[in-house]
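# Chains, contacts and geometry: an overview
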Amino acid sequence: MKNTFALELLRSELSRHVVLTDRHAVRPFETDGLTAYKETPWAVVLAESVDQVQSVLRICNECRVPVVTRGAGTGLSGGARPNAEGVLLVLTKMREILEVDLQSCTATVEPGVTNLAISEAVQKHGLFYAPDPSSQIACSIGGNVAENAGGVHCLKYGLTLHNVVGLKVQTIEGDELVLGGKSYDSSGYDYMALMVGSEGMLGVVTEVTVKLLPLPSHRIVMLGAFRDLERAGECVAGIISTGLVPAGLEMMDKLAITAAEEYAKVGYPTEAEAILLCEIDGGEVEVEHHSTEVEKLMKSFGAFKIDVAKDPEECERLWRGRKSAFPAAGRIAPDYYCMDGTIPRRKIGSVLSSIASMSRKYGLAVANVFHAGDGNLHPLILYDAAVKDQQSKAEEFGAEILECCILAGGTITGEHGVGVEKIDQMCAQFSDEELEQFHLLRKVFDPYGLMNPGKAIPTLARCSEIGGMHVHRGELPHPELERF
Amino acid sequence: MTDLDDSGFLVGAIESAVSNGEPISFLGHGSKPRLVENDENAFLCTADHSGITEYRPDELVISARSGTPLAEIEEVVHAQGQMLPSDPPMFNRKGTIGGAVASGLSGPGRPWYGSTRDSLLGVEVVNGKGQRLNFGGKVIKNVAGFDITRLYAGSKGTLGLILSATFKLLPLPELVQTVELECSDVDAHQVLESYSRRPSTLSGSCHFEGTLYLRFAGASSAVKNDVEESRGSIGTSLSWTELRDQALPFFGDPVPIWRVSLERGILFENVDEFEVLSEWNGSLIWVKTPTESPPPVSKYIGRAEPFRNLYLEAARPAKYAARIKQAFDPSGIFEPNVVA
C-alpha cells in the first residue's frame, strides 16, 4: 500500500521515463556481478540529476520504502542486489566529468563515470587515477567509493580511500554533505572515511573529487615462474621485506595459469605451479635498479624462468593474462565463486595449502589468482549450479576459506565488500558489541534503516541464529582441534 | 622502553566515570597544545599504557599501546629500515601514538606519503559504554564493516579512549637530500606547481624567510638526478624533524599561531605581512598574528584553525556530528568541551 503511494509520488515528481516498474524493464537489474543472488526490484529509477536523487531519497524516507543504490552493477558481493519491496536507484546516467583541475591535480566527476574514463580523460596532461579494479572498463566511480575498490596497483598507490579527496553525499533525510575537498585536511569527524566503503548504507554519492598522479615515465613488468606454490608465496614476502614497493605484485596458481593461457594466449608458462607478476614503475634509473633486484630475488626463491617486459606492448601482454583470469575461469567451469579474504603476507603459503585441502574435502576445484603483495586472496571456487548441491557446497567452502582467513589474522574482505555474500562471516569477525556499534553508526545517517537494508552488517539475531563462532583476534575456542 | 598493559585500569576508570556521569579528558604526556582553556575535567592518563605489542618487519605493520611514545616507535622501526609513512609530530619528543591518532596530525611528508589516517589500519577503543571494541585489523586491505578505525583519527578524544593502534609502515628511502632555493613566495609557488605534474622524488617542501627547502627522498640514483635538475644547492640548515615537531625558532614565540589549510595549488598572498611558514606544497601555512583575531583567509578556499596560544571557541556540533558523538558516547562524558 505504502509502495503504491510512493510510486505516485515518484511519478509525479520525476519525469516518467526515469521510473521503471514494468517487469521486463526491471528484470535486467535483478543482479550485480555476483550473479548467484537475484532479486527483482519493485521499481527502478534511472536518475539523471542530483535533484532526482534527492527526490527519490525523500520519498523513500517519507514512505519508509527501502532504497538500494547501484552503479554499473559490477560488484562481486551482491551489495547492489535489489530489494523486492524497494527502489533501485541507478546512477549510471550521471556520467559527466565536471572538472579537471590541473592546479590541484584533481578531477571532479559524477558517480556514473567509469573508473577508466577518468584516467583516459587526464592522460593528455600526463596524469592518471591510480586505483584500477579489474572491472575498470565498466565499473563506476560511485560504486568504487561505496565499496572502497582496490585493484592491481593498490600496493603502491593505495585503495579508493587514499585517492578520493572530496565527496558530495545526499543523506536520506535530505541533507547534502560536502566532504573533504582540495585541501589536505578538513576539520571535524572524518565522514569521508565513513562514506568510502559504506556499501550504500549511509548516503548516496553524487559527486566525487579524485586525486590525480603524474604518470610514471618508466615501467617494467616481470613474470617469474615457480615449480612450488609455497616458494612463490615466500618470494612475495621476500620482495616486500627488502624495502621495495612494486606498483603491483600478483600471483596465479597452476589452474589459473592454464585457464588464462587457454583464454588469452599470452605465453604464460603452463608447466609452472605458480607465477608471480611484478610491476616496477618510476624514473628510468630507479626502475632498472629495482627490477634487477627483483630478478635476483625471484631466482633465489627458485624461479626457473623469468620474463622481463620493458616496452608497453610487452607489459600489456603479461598483464592481459592476469586481467582475463576471471572470464577464463568462467570458461573452464559453468560457475565460479570468487572469495576476497585478506591475510598477512607471511601466511600466504599456509593458507593456500589449507584451501587446497578444503578443495579435496568439498570435491570442488579452486583457481587462485590474487593480489599477493597485499595479501589479498581471490580463490575462485569452480562449480556447476546445475548440479544438485554444488551451489550450497561452494558457499560452504567459501565460508570456510573466510574463517580460515580470520584465523590467520586477516579479514573476510579486502576489496569486494561484504554485501549479502559475506554477511554471515561478519559474525565471526566482529563481536556483538562491535556489530552494535556499526548499527548505531548506521542510524546516525539513516534512522529508519532504509538504505540498502540487509547488507554488510548482520543483525545480532542473525548471528545468534547461524550460531557461528566469533574469532577474537585469531583466537578460536579449542585451538587444539584441527580445522581446514 | 616500557611494556605495560594498563588497559584494565583505564577501562575501569572509564566504567566508573560512565556510571557516575563524570566528564573525562584524555592525556598522554601532554605534548600537544590543549584545545580548550581551563579544562576542569578529570584527566585519564595513558602514559603508562605503553609498549609495542606486535612488530613484524616483513609485514611492514606495527601495533602499539596508545601510550607508547612515537620516539620509541621511530627508533625501533628505523633500526629495521622502516618508517611511519605520515611521520606524525612528536613535539617535545614525548608525543604518543594514541595522541597521533586522536589529533590526526601528520608530518611534513603528508602530501606525498599520506596522512596519519591514511596509514592507520586498526584500533582498539573503549566507547562511552565502557565496551572494548576492535575495528580494522593488521592487513593493508580491509573493507569489512564501516571504517570506524579512521573515524577515530582526528576525533580528539570525543568518541572514547584509543587503547592501541596498528599502522602500515614504509621502507625508509635509500637517500634523503635537501635543496635550498632563494626565492619569493610567488616563485616558490611556481616551482612547487611544476613538480605536481611530473614524477619525482620530492617528499617535503618548506618556504620560510625567502628560502624554499625541497626534500628529495627515494632511490639514490633518482634523488641525485632530481637534486641536479632542481638547480638549487644542497643544504643542511633546515631540520625536517624540527619542522615536524615545531621546534624551529619560528614556533617558539608566545604569540597566537594559526594553522591555515588551503586548497592544493593556491598561492597564499601574505598581504598583511604576518610572519608565515608554509609546508605541504604551500597548502599548509602557519601564520603568527599579533592579536587573537584570525588571519584573513576568506578570500581563499581554505580555513584558519587556532593552534598555539589560542583556544577553540565553544561551539555546538552540527547535526550529524552530534549524532555520531551520541552513538559512541551516549552520556556525553568524553571531552565534553571539545567539538571535533
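Not measured: the values here are computed from a predicted model. (Residues numbered from 1 in each chain as written. Chains lettered and ligands numbered in written order. Predicted model: local features only at pLDDT ≥ 70, side-chain atom pairs only at ≥ 80, totals over all residues. Heavy atoms only, no water.)

### Focus: the overall build of chain B
How we decide: Under the DSSP-based scheme used, a helix requires at least four consecutive residues in state H or I and a strand at least two consecutive residues in state E, with every element numbered from the N terminus. Atoms counted for the radius of gyration: C-alpha only. Globule rule: 2.2 Å times residue count to the power 0.38. Here the term buried applies to any residue with accessible area under 20% of the maximum for its type, exposed to any over 50%, and partly exposed to those in between, with areas from a 1.4 Å probe on protein chains only. We call two residues contacting when some pair of their heavy atoms lies within 4.5 Å. For accessible areas, the Shrake-Rupley method is used with a probe of radius 1.4 Å. Any residue's cover is judged against the shown protein chains and nothing else.
Secondary structure summary: chain B contains ten helices and 17 strands in total. Taking 340 residues into account, the globule formula puts the C-alpha radius of gyration at 20 Å, and chain B, at 21 Å, falls close to it. With respect to the three principal axes, the spread of C-alpha positions in chain B is 65 × 50 × 35 Å. Each of the 340 residues in chain B was classed as buried or not, and the buried ones make up 59%. The long-range fraction of contacts in chain B, counting pairs at least 24 apart against all pairs at least 6 apart in sequence, stands at 69%. For chain B, the accessible area works out to roughly 13,400 Å², and carbon and sulfur atoms hold 49% of it.

### Topic: the pairing of strand 6 (residues 106-109) of chain A
Residue and element names in this part refer to chain A. How we decide: When DSSP locates at least two bridges between a pair of strands, those strands are taken to pair.
Here strand 6 shows two buried faces, one formed by Thr-106 and Thr-108 and the other by Ala-107 and Val-109. Linking two consecutive strands that pair antiparallel, namely strand 5 (residues 97-101) and strand 6, is a turn of four residues; a positive phi of about 50 degrees is found at Cys-105 within it. Pairing of strand 6 with strand 10 (residues 204-211), which is carried by four bridges, proceeds in the antiparallel orientation. If you follow Ala-107 over to strand 10, its bridge partner there is Val-210.

### Notes on the sheet that holds strand 8 (residues 161-168) of chain B
All names here are of chain B. Put simply, the rule reads: Under this scheme, a helix contributes an axis fitted over its contacting stretch, all axes are lines through C-alpha atoms, and angles between N-to-C directions fall in the 0 to 180 degree range.
With respect to topology, five strands assemble into an open sheet ordered 3-4-8-6-7, the strand pairing being antiparallel. Each edge of the open sheet carries a strand with a single partner, namely strand 3 (52-56) and strand 7 (132-136). Recorded for the sheet is a direction-independent mean angle of 10 degrees between the axes of neighbouring strands. Strand direction decides the pairing type here: strand 6 (residues 120-126) and strand 7, joined by five bridges, are antiparallel. Pairing of Val-126 across the sheet is with Arg-132, part of strand 7. The sheet strands contacting helix 1 (residues 7-20) are strand 6, strand 7 and strand 8, and the helix crosses strand 8 at an angle near 135 degrees.

### Topic: the packing of aromatic side chains
Residue and element names in this part refer to chain A. Just so we agree on the cut-off: Geometry of aromatic contacts follows a simple scheme: Phe, Tyr and Trp rings, the Trp one being its six-membered ring, pair when their centres are within 6.5 Å, and the pair is stacked under 30 degrees between planes, edge-to-face over 60, tilted otherwise.
This structure, assessed with the given rule, holds 17 aromatic pairs over all chains. Judged by centre distance (5.5 Å) and plane angle (90 degrees), the ring pair of Phe-128 and Tyr-157 falls under edge-to-face. Residue Phe-128 is found in strand 7 (residues 127-128), and its partner Tyr-157 is found in helix 6 (residues 154-157); the two are separated by 29 residues along the sequence. There is no split in this pair, since Phe-128 and Tyr-157 are both buried.

### Overview of helix 3 (residues 50-63) of chain A
For clarity, the cut-off: To estimate how far a helix should extend, the number of its residues minus one is multiplied by 1.5 Å.
The terminal C-alpha atoms of helix 3 of chain A, which comprises 14 residues, lie 20 Å apart, in line with the 20 Å expected from a rise of 1.5 Å per residue. Arg64(A) lies just past helix 3 of chain A and shows a positive phi near 60 degrees.

### A closer look at the packing of helix 9 (residues 229-241) of chain A against helix 14 (residues 348-362) of chain A
Helix packing geometry: the angle between the two helix axes and the distance between the axes. Residues and elements named next belong to chain A. Definition in use: In this scheme, roughly parallel covers angles under 35 degrees and roughly antiparallel covers those over 145, while 65 to 115 is roughly perpendicular and the rest are oblique. Here a crossing is called left-handed whenever its near helix is offset anticlockwise from the far helix by less than a right angle, and right-handed whenever the offset is clockwise.
In the contact formed by helix 9 and helix 14, the axes pass within 8 Å of each other and the chain directions differ by 150 degrees. Classified by the angle between their axes, helix 9 and helix 14 sit roughly antiparallel to one another. The two elements helix 9 and helix 14 cross, and the hand of that crossing is right-handed. Of helix 14, the residues touching helix 9 (which contributes Leu-229, Glu-230, Gly-233 and Val-236) are Ile-348, Gly-349, Leu-352 and Ser-353.

### What about the interface of chain B and chain A?
One frequent convention defines the size of an interface as the accessible area lost when the parts assemble. So the rule is basically this: Reported buried area values correspond to the accessible surface (1.4 Å probe) lost by two parts on association, with both partners' losses combined. Note on definitions: salt bridges are taken to be side-chain nitrogens of Lys or Arg within 4 Å of carboxyl oxygens of Asp or Glu. Pairs of N or O atoms are called polar contacts if they sit within 3.5 Å, as long as, within protein, a hydrogen donor faces a hydrogen acceptor (for residues adjacent in sequence, only side-chain-to-side-chain pairs).
Every contact between the two is made by 64 residues of chain B and, on the other side, 87 residues of chain A. Across the chain B to chain A interface the summed buried area is about 6,400 Å²; carbon plus sulfur atoms make up 57%. Together, Lys141(B), Phe146(B) and Arg264(B) form the three largest contributors to the area buried by chain B at its contact with chain A, with a combined 16%. On inspection of chain B and its partner chain A, the count reaches eleven salt bridges. A salt bridge links Lys141(B) to Asp374(A); its shortest N-O distance comes to 3.2 Å. Our count for the contact surface shared by chain B and chain A stands at 28 residue pairs in polar contact (both at pLDDT 80 or more).

### Some words on the domain arrangement of chain B
Residue and element names in this part refer to chain B. To be explicit about the condition: Where each domain starts and ends follows an automatic or database-derived domain assignment.
Its domain assignment divides chain B into domain 1 (7-171) and domain 2 (175-308). Each of domain 1 and domain 2 has a C-alpha centre, and these two points are 27 Å apart. Each side of the interface is counted separately: domain 1 has 17 residues, and domain 2 has 18 residues. Counting the surface lost from both domain 1 and domain 2, the interface buries some 1,400 Å², and carbon and sulfur atoms represent 59% of this. Our count for the contact surface shared by domain 1 and domain 2 stands at two salt bridges. With its nearest N and O atoms 3.0 Å apart, the salt bridge here joins Glu-74 to Arg-244. In this structure, the connection of domain 1 to domain 2 is made through six residue pairs in polar contact (both at pLDDT 80 or more).

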